[in-house]
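Fold and contact review
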Amino acid sequence: MLDTIDKELLKAVADLESIPKGAYNIRKNGKLLAREVTANIDIVTNEENNGIEIHIKPGTVNESVHIPVILSQADLYDVVYNKFVIGEGSDVVIVAGCGIHCGTDKPEGHAGVHEFFVGKNARVRYVEKHYATGPGTGKRTLSPTTRVFLEEGAVAEMELTQLGGVDQAMRVNEATLGPGSSLIISEKVMTDGDQKAESKNIIVLDGTDSSAELISRSVIKGNSRQNFYATLEARAKCYGHLECDAIVMDNGTNETVPALKSLHPEAELTHEAAIGKIANDQLLKLMSMGMTYDEAVNKIIQGFLK
Amino acid sequence: MLELKDLHFSIEEEDEQGQQVVTEIIKGIDFTFEKGKFYAITGPNGGGKTTLSKLIMGINPVTSGKIIFEGKDITDLSITDRAKMGIAYGFQHPARFKGMTFRDLLAIAAGTNDKETLVRILARVGICTIEFLDKEVGSKLSGGEIKKIELATIIALNPKLAIFDEPDTGIDLWTIGPMVELLKKQQEEHGTTTIVVSHNEKFLEAADELILIRGGKIAHVGGFEESLPLLKDDEFCSWKSICEGGTLCSIQ
Ligand SMILES: Nc1ncnc2c1ncn2[C@@H]1O[C@H](COP(=O)(O)OP(=O)(O)OP(=O)(O)O)[C@@H](O)[C@H]1O
Ligand SMILES: [Mg+2]
């Protein structure tokens, strides 16, 4: 059922060697390839027939859902709308990701809108990897949108990664936080050649004692460009922190615009932003331990994106 | 094992008028370090101790003169090549890395990820705990912590020639003694030729030979006892030189 290319893509985006354990939904070239549900996790195709709904029963713990999307068909632009309803008090891991294999000069792309409704005191860890490969020259586009709604006491950790091969990425992350809820987003993007990546983030801290942390790490090689925009908006007593770091190599360019908006006197919002080359003292340290210049560069980037 | 022959180091800078001016920082140093001995380098701030250490490691390029290591001319070799030959330098101001842990750095130095080996190295180093291993070598580390980590990486490299640039800055009083012992033990057990740049009496006392560097030159070489009066005087002088332009400072 899975060919070699499928397997390579699944490995890259979802760390899967084969069909995963637990609930899953694998989408290939715009169509359902395989699906499995469990007693606590239900997956159904939505009414519009353009995506899936994932319902996780209240109290479900230690379960995971894999929902990778793979593309290897020329001239296909696949758009999905996925909705996750995560029941009260549950604790789950969701692994998503999109792998594109481009074998021709025709473009291939994927856009996904993912909406998360995280119930009271529920915890979710969401891991999403984007990757494109293949000998073709067609433009590979990925445009994910993530919307997160956290109810009281809910916790969401989101790891969003794009480490290579994607020519153009337009990412949007939006979140609204209820009382006592907390959100951590860490985004890691590496671009090279003439690739472009843009990330727009709007996080609204709506509930008392909510907290949000957004950490972005970018490595910008070749002639590539990455833009990063983030707004933290505080509407209650809350805590929010933005951290954006970009390492620029070769002729890469970057624009980073962090914004903090406070609409409440007891909101505490902070940000750190830095753009620069690899620090010379780091290179010197690694070389003085016997690494070559190139090895040192790789090591530093590896650590930075870890 | 290490010979410095008429070593000079100059930098080119722009002055206020935008003119290129050449400033000489190391002004002709001749010295031979013998295998397995323990040396302390001291002297006033800005005297050139760090610059000299970085010349030996290859971080600063030699302007003129030669560096001979174990009979080989290494004057034009890269940092990497010198490191591979067994020279190591612990920075006065160690680099901080986003996303790299102490374990990562130690693994590079030790050449292995093997947990047991790393723990054994830590036990040998003695001054940093196992809990340190998963700490990020980032901006959150204290000044003393990062110095301990820096020192540990040099011990893990087990070099033939180890240069420690002020390993004691920021280190608490309780750790300085064990740190001196550690370096002495390395010297004795592994025959490490050791150079410690320091202003601390404990290190100066531990050294076989003491080198006083001032104004880019070696001002004095000797044992601890005989150098003591000079050092005391020197401390006085270095303050004077900051306040009064250094004219009062000269050695008879
Ligand atoms: N790259 C450089 N550019 C300009 N000046 C430099 C450079 N490197 C060293 N210097 C100058 O050379 C002199 C010697 O500096 P060095 O750091 O070697 O002193 P040091 O003896 O290590 O002092 P300390 O005890 O404060 O560590 C100082 O005046 C310093 O400002
Ligand atoms: Mg110094």
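On a predicted model such as this, the values are computed, not experimentally measured, just so you know. (Residues numbered from 1 in each chain as written. Chains lettered and ligands numbered in written order. Predicted model: local features only at pLDDT ≥ 70, side-chain atom pairs only at ≥ 80, totals over all residues. Heavy atoms only, no water.)

Quick word on the overall build of chain B
Looking only at helices and strands, one finds eight helices and ten strands in chain B. In terms of overall dimensions, chain B is globule-like: its C-alpha atoms have a radius of gyration of 19 Å, near the 18 Å expected for 252 residues. Expressed along its principal axes, the backbone C-alpha trace of chain B runs to roughly 55 × 40 × 40 Å. Counting every position in chain B, which comprises 252 residues, the buried fraction comes to 51%. In chain B, of all internal contacts separated by at least 6 residues, the share reaching a separation of at least 24 is 67%. Surface summary for chain B: the accessible area is close to 11800 Å², and the carbon and sulfur share equals 49%. (Helix = DSSP H or I, 4+ residues; strand = E, 2+ residues; numbered from the N terminus. Rg over C-alpha atoms; globule rule 2.2 N^0.38 Å. Buried < 20%, exposed > 50% of the residue type's maximum accessible area, 1.4 Å probe, protein only. Contact = heavy atoms within 4.5 Å. Areas by Shrake-Rupley, 256 points an atom, 1.4 Å probe, with all protein chains shown as cover.)

Points about the nonpolar core
Buried together is how nonpolar side chains tend to be arranged in soluble globular proteins. L286 of chain A together with L52 and F102 of chain B are the most contacted members of the largest nonpolar core, which totals 95 residues. In contact with F102 of chain B, not counting residues within four places along its chain, are L122, C128, F132, L133, K135, V137, I149 and A152 of chain B. Ranked by size, the runner-up nonpolar core spans 41 residues in total, among them A154, A156, I203 and L205 of chain A. (Core = buried A, V, L, I, M, F, W, Y, C linked by side-chain atoms within 4.5 Å.)

Some thoughts on the site of ligand 1
Residues and elements named next belong to chain B. Around ligand 1 there are 14 residues in total, and G46, G48, K49, T50 and T51 lie nearest to it. In this structure, an oxygen atom belonging to ligand 1 sits 2.9 Å away from a main-chain N or O atom of G46. Its free accessible area being 640 Å², ligand 1 has 61% of it covered by the protein chains. Listed by contribution, the elements that provide at least two residues to the shell around ligand 1 are strand 1 (2-14) and helix 1 (49-57). Top element by residues in the shell around ligand 1 is helix 1. It accounts for three residues. Here the shell around ligand 1 is built from residues that sort into three nonpolar, eight polar and three charged. (Near = heavy atom within 4 Å. Polar contact = N/O pair within 3.5 Å; in protein donor to acceptor, adjacent residues only side chain to side chain. Nonpolar A, V, L, I, M, F, W, Y, C, P; charged D, E, K, R; others polar.)

Thoughts on the coordination of the magnesium ion (ligand 2)
For a metal with four donors in a tetrahedral arrangement, the ideal angle between donors is 109.5 degrees, while six donors in an octahedron ideally sit at 90 or 180 degrees. The magnesium ion (ligand 2) binds to the protein through T50 of chain B (OG1) and Q92 of chain B (OE1); the donor distances cover 1.9 to 2.1 Å. Here T50 of chain B is found in helix 1, whereas its partner Q92 of chain B is found in the loop between strand 6 (87-90) and helix 3 (102-110), with 42 residues between them in sequence. (Donors = N, O, S within 2.8 Å, 3.2 Å for Na, K, Ca; no water.)

Comments concerning the pairing of strand 4 (residues 52-56) of chain A
Residues and elements named next belong to chain A. The two faces of strand 4 differ: I52, I54 and I56 on one face are buried, but E53 and H55 on the other face are not. Two elements, strand 3 (residues 41-45) and strand 4, share five bridges in a ladder whose sense is antiparallel. Of the residues in strand 4, the one forming a bridge with I43 is I54. Linking strand 3 to strand 4, which pair antiparallel, is a turn of six residues; within it N49 sits at a positive phi near 60°. Relative to strand 6 (residues 77-86), strand 4 is paired through four bridges, and the arrangement is parallel. By the bridge assignment, E53 is partnered in strand 6 with K83. (Pairing = 2+ DSSP bridges.)

Description of the sheet that holds strand 6 of chain B
Residue and element names in this part refer to chain B. Taken in spatial order, the six strands line up as 6-7-8-3-9-10 in an open sheet, and their pairing is mixed. The sheet is open, and its two edges are formed by strand 6 and strand 10 (217-222), each paired on a single side. In this sheet, neighbouring strand axes are inclined to one another by 20° on average, regardless of whether the strands run parallel or antiparallel. Where strand 3 (residues 38-42) and strand 9 (residues 209-214) come together, four bridges link them in parallel fashion. (Axes fitted to C-alpha atoms, helices over the stretch in contact; angles between N-to-C directions.)

Overview of the interface of chain A and chain B
Each partner contributes residues to the interface: chain A has 19 residues there, and chain B has 23 residues. Summing both partners gives a buried area of about 1800 Å² for chain A against chain B, and 66% of it is carried by carbon and sulfur. With a closest N to O distance of 2.8 Å, D245 of chain A and K98 of chain B form a salt bridge. Summed over the shared surface of chain A and chain B, the result is seven residue pairs in polar contact (both at pLDDT 80 or more). Those elements that provide at least two residues to the side of chain A that touches chain B are strand 17 (238-248), helix 2 (280-287) and helix 3 (293-304) of chain A. The greatest single-element share of the side of chain A that touches chain B, amounting to six residues, is contributed by helix 2 of chain A. (Buried area = accessible area lost by both parts, 1.4 Å probe. Salt bridge = Lys/Arg side-chain N within 4 Å of Asp/Glu carboxyl O.)

Observations regarding the sheet that holds strand 1 of chain B
All names here are of chain B. The antiparallel open sheet is built from four strands, whose spatial order is 2-1-4-5. Two strands in the sheet have a free side with no partner beyond their single neighbour: strand 2 (20-33) and strand 5 (72-73). As paired elements, strand 4 (residues 64-69) and strand 5 share two bridges and run antiparallel to each other. For F69, the partnering residue across the bridge sits in strand 5 and is K72.

Regarding the pattern of salt bridges
Pairs may arise between side chains of opposite charge once their charged atoms sit close together. Residue and element names in this part refer to chain A. Per the counting criterion, the structure on display carries 22 salt bridges over all chains. In this structure, E255 and R225 form a salt bridge, with 4.0 Å as the shortest nitrogen-oxygen distance. Taken together, the residues span a long stretch of sequence, with E255 in strand 18 (residues 253-262) and R225 in strand 16 (residues 225-234) at a distance of 30 residues. Between E233 and R235 there is a salt bridge, with its nearest N and O atoms 2.9 Å apart. Given the relative accessible area of 13%, E233 is considered buried. Salt bridges sharing partners connect three or more residues here, namely E115, R147 and E174.

Considering a nonpolar patch on the surface
Side chains of Y77, V79 and Y81 of chain A sit close together on the surface and give an oily, nonpolar patch of about 280 Å² of accessible area. Within the fold, Y77 of chain A resides in strand 6. (Patch = residues over 30% accessible without salt bridge, like charges linked within 9 Å, V, L, I, M, F, W, Y side chains within 5 Å.)

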